[in-house]
Amino acid sequence: MRTTRLTAAALAAAAAVLGSAPMAAADTASPSPSPSGSVAAPTEAGTSFRTATALQQGQTATATASTGDYLYWMFPATAGQNATVEATVTLPDSSARHGSATWRLDVYDGLRRHQACAAGHPSRTATAAAADVSLRCTLRTVRPWSEAWANDPLPGAYYVRLTVADLPDQDLGLAVKTEILATAKDAGGAKAAGGELAAPLTPVEQAGATLDPSAEPSASPSETVSEAPASLAAPDGGWSPGWWSDRWIWTAAGGVLGALAGVGGYTLTRGDRSRRRRLQG
Amino acid sequence: MGLCALFAVLATGLFPAGAVADEPQPESPKVELVLDASGSMSTRDIDGQSRMTAAKQAFNEVLDSVPADVRLGIRTLGANYPGKSKVEGCKDTEQLYPVGQLDRTEAKTAVATLAPTGWTPIGPALRAAGKDLAGGNATRRIVLITDGEDTCAPLDPCVVARELAAEGTNLVIDTLGLASTDKMRKQLTCIAEATGGTYTTVSHKEELADRTKQLVHRAADNTVTPTATEGTSTCSTAPLLGAGVYTDRETFAEHRWYRVNVADGQELRASVSVGADRAVNNDYGVLLRAVTGDRELVRGSDAGSGRTDDISTGLRYAWPASGADTPASRTVCLELSNSFSAPAFVKTTPGLPVELTVGLVSSPDNASDVASFGLGRGWIMLAVLTLTGLLAGLLWGWLTRWRVAVWRTN
């Protein structure tokens, strides 16, 4: 009976390991952004993709602007993150406005491809009496790799464009205050994927150089390879998503269970024999 | 988790942040403030003061806060000719302070002499301001402060603005309106839109000073100055581009081709924005294709509708490393097309502004396994592993029994 007891103990241990797996998942799902105190939050916004102001995750950036301006920011996000952008627009005094206005938040990836909002309300109409309007866009989980033909979100820069989409013409040019915050949550092991991008999709920050068209295709690529931009800092923990996910626990638990079941199966066959021996004896 | 941190350190080490520092220092930006000194500027409706007084006070504040590396000039319009002749009135624009290193006292003295006088020749003033800023490859910005629409038809200041933007590579005109008439607003928004600038309505003195300061500081932001290029209608004659940022102009329904050389083990990344710098119809789109020979490798496209400054898309495509000593290289053709359309009264030349970025990154991407390190997850996987273990155990047990039985009989 000793072996049966041992097996039961081992099974209990395995169950404990298993029980801890969902716990670990909850642990990794805690929000990762930690506002970095070293760099002051930007107080200006860019006006095009090229001049977009770089943000860090968890930083609340502000900007004053005129109604009708197209305001651009960019923030980093890496694989396994669910990024959310929140914007609040403090509208001009309602006595100066002539009707309701629709504000819109657009998110683009580092290749300037428009990204879908999986959740949130990226576009909202503010009534003529409203004092402010808040918009939110949650992106799909950032993949570590995707095929070239896919539009999946990939590690790198994400551009945010905030603008008024529809308004009475008389209200163009009135002053507004905007506030923007980009955060990211870890998507957890269920979304942990493999593969790796050559480099994060960060903006090209060098002036172009038109080459001599008669030149043979160059075999020394190093001269033309673009470098990572200085303005956009990698998210906390770097561009590389790291090796950890709760899949390690699941897989290890599977291994342990398999081994225990193997031992169990083996003892079953042995157990039969010992009983038979006792009967014979 | 210690390992995790180590990985992070390694990763940041791989992408040095200060890589751009080696590049030559860009030319210091040029800004010209264009101030309306027409007769209507004497209207007293800005915080109880005349528009001119408010503008002068705002200028003093702005001049005090101009960043050291900005070359600033001041131009007036309608400041000198008080008469009735339109021909004379429409020539009335003068450079009050030349674009260059700023002497604050001198500039302030010059501004103090201004008095509201004549006509509102915005078009000619913009054209002259464009000339003031010409030369070099610096970021250029015109800040136009006015209280009325242009009085010098048929020269449309909006057309002038678009021509100026098309001439140079990096000119932006921001407009500030000191009144709120429909006609002025339409004209100023049109000028701003044509150059990627902004339009602001000003009704208080502080607004004028703060906004102008903000715009001057914007000019000082060091961003990349794109290189002008000109795409062609076929791939074989297209310009060969290296990595970097380019600008071009593409008119409605036009196709433009560019070429990029990509070697084995490199990934091509291209993104493009086509700007809507004039009145366009409600629906629009953009398509960027990467083609080698007859084969389309990959395409990026987007479509939209409604108010916009531009529409953009991008693509990427990698070639695996060959392992040979001299990696093979091929020419990839990029074809850009747009589906903007405009009402019949809109001029189609110059074309819409295009910004194209080309990136080449080495070491192609690695698909490995779709799962993270090939690891599994979930209850079904656990059940399968357990069942497999159990079967293996039983099998092993029976095998052992069978072997022992065989050994005994022998």
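The structure contained in this document is the topic of the report that follows.

So, how was this worked out
Residues numbered from 1 in each chain as written. Chains lettered and ligands numbered in written order. Predicted model: local features only at pLDDT ≥ 70, side-chain atom pairs only at ≥ 80, totals over all residues. Buried ≥ 20, exposed ≤ 12 C-beta atoms within 10 Å, placed from the backbone. Helix = DSSP H or I, 4+ residues; strand = E, 2+ residues; numbered from the N terminus. Pairing = 2+ DSSP bridges. Expected span 1.5 Å × (residues − 1). Contact = placed C-beta atoms within 7 Å. Axes fitted to C-alpha atoms, helices over the stretch in contact; angles between N-to-C directions. Parallel < 35°, antiparallel > 145°, perpendicular 65-115°, else oblique.

## Digging into the pairing of strand 1 (residues 30-36) of chain B
All names here are of chain B. The element strand 1 is largely enclosed, with a buried count of seven among its seven residues. Bridging between strand 1 and strand 6 (residues 140-146) involves six bridges; their strand directions are parallel. Note on strand 6: the bridge partner recorded for Leu35 is Ile145. Bridge count for strand 1 against strand 4 (residues 71-77) is seven bridges, and the pairing is parallel. Note on strand 4: the bridge partner recorded for Leu35 is Thr76.

## Re helix 2 (residues 51-64) of chain B
With 14 residues, helix 2 of chain B should reach 20 Å at 1.5 Å per residue; the first-to-last C-alpha distance of 20 Å fits that figure. Against the buried residues of helix 2 of chain B lie strand 1, strand 2 (44-46), strand 3 (49-50), helix 4 (104-112), strand 6 and helix 8 (205-220) of chain B.

## Examining the sheet that holds strand 7 (residues 171-177) of chain B
All names here are of chain B. With respect to topology, six strands assemble into an open sheet ordered 5-4-1-6-7-8, the strand pairing being mixed. Two strands close off the open sheet at either side, each with one partner strand: strand 5 (93-100) and strand 8 (199-201). With direction set aside, neighbouring strand axes in the sheet form an average angle of 15°.

## Regarding the environment of B:Glu163
Positionally, B:Glu163 belongs in helix 6 (residues 157-167). Sequence separation between B:Glu163 and B:Ala194 is 31 residues, and the spatial gap between their C-alpha atoms is 8.8 Å.

## Here we look at the packing of helix 2 of chain B against helix 4 of chain B
All names here are of chain B. In contact at an axis separation of 10 Å, helix 2 and helix 4 are set at 170° when each is read in the N-to-C sense. Considering the angle they form, helix 2 stands roughly antiparallel to helix 4. Contact with helix 2, carried on its side by Lys56, Phe59, Asn60, Leu63 and Asp64, involves Arg104, Ala107, Lys108, Val111 and Ala112 of helix 4 and no other residues of that element.

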